[in-house]
Amino acid sequence: MSDLTQSDRDLINLLQEDMPLAHRPFAPLAAQLGISEDDLIARIKHLKEDGFLTRFGPFFDVAPMGGAFCLCAMAVPAAEFETILTKVNAHPEVAHNYERTHHLNMWFVLATETPEGIADVAGKIEAETGIKVHCFPKLKEFFIGFKVAA
């Protein structure tokens with residue numbers, strides 16, 4: 001993994017702004033950074049390959065479209081963590097699964113087409129794993145941006 005250059009930092013910060021709704025959305029971003037569109041796309045690819053970006057894509061607010069998100073947690077015995085992880089991640093509704101140092105050591109997000117889908121998928125995971133899924137529905141919306149220091 002290489003170090004971030006100043007242009008990488010500028011690009012990461014710019015990508016968190018609104019993307020232009022255009023046939024070629026990367027062209028105006030590249031112009032802002034003073035590089036070619038091809039160079040910008042290549043930089044994004046390298047940032048992903050090098051692990052600086054884990055995800056690049058749109059984030060949709062599913063609630064206005066009738067869907068739901070829910071943060072969930074489970075208390076998974078350490079010896080079973082990988083087995084349970086595989087079962088949980090087999091559900092296409094599961095995203096952002098990560099381990100924490102806490103009694104509730106497996107945390108993930110469920111994204112479903114309907115609010116009722118949250119309980120349905122959580123119930124399926126409980127039935128498959130034998131472990132309670134604790135659901136923490138969103139009470140308030142927050143936007144947390146991540147800006148890379150210059």
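One can find the structure itself at the top, above this paragraph.
Reading guide: rules and limits
Residues numbered from 1 in each chain as written. Predicted model: local features only at pLDDT ≥ 70, side-chain atom pairs only at ≥ 80, totals over all residues. Heavy atoms only, no water. Buried < 20%, exposed > 50% of the residue type's maximum accessible area, 1.4 Å probe, protein only. Helix = DSSP H or I, 4+ residues; strand = E, 2+ residues; numbered from the N terminus. Pairing = 2+ DSSP bridges. Phe/Tyr/Trp six-rings, centres within 6.5 Å; stacked < 30°, edge-to-face > 60°. Salt bridge = Lys/Arg side-chain N within 4 Å of Asp/Glu carboxyl O. Axes fitted to C-alpha atoms, helices over the stretch in contact; angles between N-to-C directions. Parallel < 35°, antiparallel > 145°, perpendicular 65-115°, else oblique. Left-handed = near helix turned anticlockwise from the far one by under 90°. Contact = heavy atoms within 4.5 Å.

### Concerning the pairing of strand S3 (residues 106-112)
Phase 1 of the analysis: Among the seven residues that make up S3, six are buried, leaving the element largely enclosed by the rest of the structure.
Phase 2 of the analysis: Here strand S1 (residues 68-74) runs beside S3; their pairing, made up of seven bridges, is antiparallel. Among the inter-strand pairings, cysteine 70 is bridged to a residue of S3, identified as leucine 110.
Phase 3 of the analysis: Relative to S3, strand S2 (residues 94-99) runs antiparallel, the two sharing four bridges. Bridge pairing in S3 links valine 94 to leucine 110.
Phase 4 of the analysis: Where S2 hands over to S3, the hairpin turn is made up of six residues, counted between the paired strands.

### Observations concerning the packing of aromatic side chains
Phase 1 of the analysis: Considering all chains together, one arrives at one aromatic pair under this definition.
Phase 2 of the analysis: Consider the rings of tryptophan 107 and phenylalanine 136, whose centres lie 5.5 Å apart with planes at 20 degrees: the pair is stacked. Of this pair, tryptophan 107 sits in strand S3 while phenylalanine 136 sits in strand S4 (residues 134-137), placing them 29 residues apart in sequence.
Phase 3 of the analysis: On the accessibility criterion, phenylalanine 136 (37% relative accessible area) is partly exposed.

### Brief notes about the pattern of salt bridges
Phase 1 of the analysis: Going through the model one piece at a time under the given rule, you end up with five salt bridges.
Phase 2 of the analysis: Across the pair lysine 124 and aspartate 120 runs a salt bridge whose closest N-O atoms are separated by 3.5 Å. With lysine 124 and aspartate 120 both in helix H5 (residues 115-129) and four residues apart, the pair spans about one turn of that helix.

### Digging into the packing of helix H1 (residues 6-15) against helix H2 (residues 26-33)
Phase 1 of the analysis: Running from N to C, H1 and H2 cross one another at 140 degrees; their axes reach a closest spacing of 11 Å. The orientation of H1 with respect to H2, classified from their angle, is oblique. Helix-helix and strand crossings are classified by hand; for H1 and H2 the assignment is right-handed. Where H1 approaches H2, its residues Asp10, Leu11, Leu14 and Leu15 are matched on the opposing element by Leu29, Gln32 and Leu33.

From the geometry alone we can't say anything about function, so treat these as descriptive.
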